[in-house]
Amino acid sequence: MRRNKKLLSTVVASALVATTMAVPAMAADGDTIDVGVTTKTAVLKVSVPTSMAIAVDQFEMADVGTQIHSGEFEMENNSGIDVKVDIESTADLKATTKLAATKAAVTADTAGAGEAWLAVAAQTGSGSYADGAATALKDLSEANANVTTFTAGSAANTGVAGQTFYLAKASTPKYTLLNANQKADFSYAQFYELTAETAGDQAALNVLIAAGDVYVATGAAADDQELTLVPKGGSHTWATGEVYYSVAASATPKASIADAHTELYVYANGDADAAAGKAAFRYIGNLSGGQETWSSTDITNVHIKYDIVGITQTGYDKVKTNCTYGLYKAPIVDAAPSITDANKTYTAVADTDVTVNVSLGSGTLKADNISSLSFVNPTGATKQVSNTEYSYADGVLTLKGSAVNGFVNSTQATRDYTITFDDTANTTAKFTLSK
């Protein structure tokens, strides 16, 4: 009996060893699965004009206060997602037409022939261009947040103005069928080809939905028929009389859709959000009285280029607070006045001006100007620099040669200068001058 127990123990131990040895071999068995990656593309439609009129209105017959008159470039987002619209306006100018940075520069009596201030004014609400105290087009200038001034372009005799708009998704997303032989005559839309699928029951429909987006129609295809989108992985109850379509992964260019096409396409066609899904702009400008006659030969054309892309809800949420009726303006960062080259020591040379790059700051901390310039002499006394010995303009402080010459002839090897700015905080900035 004892011998049998020993034999049984040996058999069990041998079985355990065999089992343990077999586990690694089983774990090494496996296979690979190839998973294809597809791109889920949103269906877009943004309504924009197909034409626009602009005229040189020298005598302000259409709009008092602006000598450039144009129609309105209106946009509305009919898509089921938020979109970003980048607009670039390029004006073709006569060789003698020169762009001014400010409205005041061309309305002044000293303005010369050929000087023009051109700008794009965006609406701040439906039908309104008001911005602060400026409630009418005639009151707008480059100082208004909804105005973008044309600047010299990279090509000769051109001016450019760029704007960015963010338009909220349609308040009621809808999808529409572009039927066979129906023209794709929209200014901007993305058309995706549809394929009618055979789905005779719920199980077959479920397979279609698991594979990709499905568009559902009630009845045979018809012009402007409204479709229901069932996103991939969603659910829909099968019903007799419904037609189910799968959709292409990429859009078909409008130019590739013939007037007599037999294919079916889907495009977005929702109701634009009245407050955040619409935007509009027009052109304004003023012309120098130093030129007696202005015409379309001075400003010959304006080209409008627009790029439209869909964005995520998260992306739109980040920028929407900086949008006024769609127009985006980057938030102004509060920054105190400062010396741009903070660690630089400037060298004084006899009879040579010294220039220092200065920032007046931005936002609520921005200064209006430089109120004084001073330095500390060898005895420790603070000395004011006469305002005839320095000047400030366009971010550059110029210490004139006469003042520098006086420093070169002095006993000081270095001077620490303090700039005091015109602002409520009485902010200062410093720079060092050496021989």
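Here the structure is a predicted model, which means the values were calculated and not measured.

Peer 1: It is not clear to me how the overall build of the protein chain should be interpreted in this structure. Could you clarify?
Peer 2: Each helix and strand in the protein chain was counted, giving five helices and 29 strands. Its C-alpha radius of gyration of 35 Å places the protein chain more than 25% over the 22 Å reference for a compact globule of 435 residues. Based on the C-alpha atoms only, the size of the protein chain along its principal axes is roughly 120 × 85 × 35 Å. With 435 residues in all, the protein chain has 38% of them scored as buried. When contacts within the protein chain are restricted to residue pairs at least 6 apart in sequence, long-range pairs at least 24 apart make up 73% of them. Carbon and sulfur atoms make up 53% of the accessible area of the protein chain, which amounts to about 23,400 Å² in all. Counting 29 positive and 45 negative side-chain charges, the protein chain places the averaged centre of each group 13 Å from the other.

Peer 1: Help me understand the pattern of salt bridges, please; the structure alone is not making it clear to me.
Peer 2: A side chain with one charge may pair with a side chain of the opposite charge, provided their charged atoms come close. Counted according to the given criterion, the structure contains seven salt bridges. A salt bridge links D317 to K320, with the nearest nitrogen and oxygen atoms 3.3 Å apart.

Peer 1: Any chance you could explain the packing of aromatic side chains here in plain terms?
Peer 2: One pair of aromatic rings is described through two measures. These are the centre distance and the angle between the planes. Tallied over the entire structure, the rule returns 14 aromatic pairs. Considering the side-chain rings of F73 and F281, the 4.9 Å spacing of their centres and the 15° angle between planes classify their relative orientation as stacked. Of the two residues, F73 sits in strand β4 (residues 73-77) while F281 sits in strand β17 (residues 278-287), which places them 208 residues apart along the sequence. Here F73 falls in the buried class, since its relative accessible area comes to 4%. Under the relative-accessibility criterion, F281 is labelled buried at 0%. Ring geometry for F186 against Y267: centres 4.7 Å apart, planes inclined by 45°, an arrangement best described as tilted. With F186 in the loop between β11 (175-178) and β12 (192-197) and Y267 in strand β16 (residues 264-268), this pair connects stretches of sequence that are 81 residues apart. Assigned by exposure class, F186 and Y267 land together as buried. Put simply, the rings of F73, F150, F165, Y188, F281, Y283 and Y306 pair up and form one aromatic cluster.

Cut-offs used in this document
Note that residues are indexed from 1 along each chain, following the sequence as it is written. With pLDDT at 70 or above as the cut-off, local features in this predicted model cover only qualifying residues; side-chain atom pairs require 80 or more to be listed or tallied, and sums for whole chains, interfaces and linings still use all residues. As a convention, hydrogens and water are excluded, and side-chain values are obtained from all of the structure's heavy atoms. We count a stretch as a helix when DSSP gives it H or I for four or more residues in a row; a strand needs E for two or more, and each element gets its number in order from the N terminus. Each radius of gyration is computed over the set of C-alpha atoms, and the globule rule expresses the reference value as 2.2 Å times the number of residues to the power 0.38. When a residue's accessible area, from a 1.4 Å probe over protein chains only, is under 20% of the maximum for its type it is buried; when over 50% it is exposed; and in between it is partly exposed. Throughout, a residue-residue contact means that at least one pair of heavy atoms, one from each residue, lies within 4.5 Å. Accessible surface area values rest on a Shrake-Rupley calculation with a 1.4 Å probe, where residue burial reflects the displayed protein chains alone. Only four residue types enter the tally: Lys and Arg on the positive side, Asp and Glu on the negative side; His and the chain ends are excluded. Think of each charge as sitting on NZ of Lys, CZ of Arg, CG of Asp or CD of Glu. Any carboxyl oxygen of Asp or Glu within 4 Å of a side-chain nitrogen of Lys or Arg constitutes a salt bridge here. Pairing of aromatic rings covers Phe, Tyr and Trp, the last counted by its six-membered ring, and requires centre-to-centre distances within 6.5 Å; plane angles under 30 degrees mean stacked, over 60 mean edge-to-face, and any other angle means tilted.

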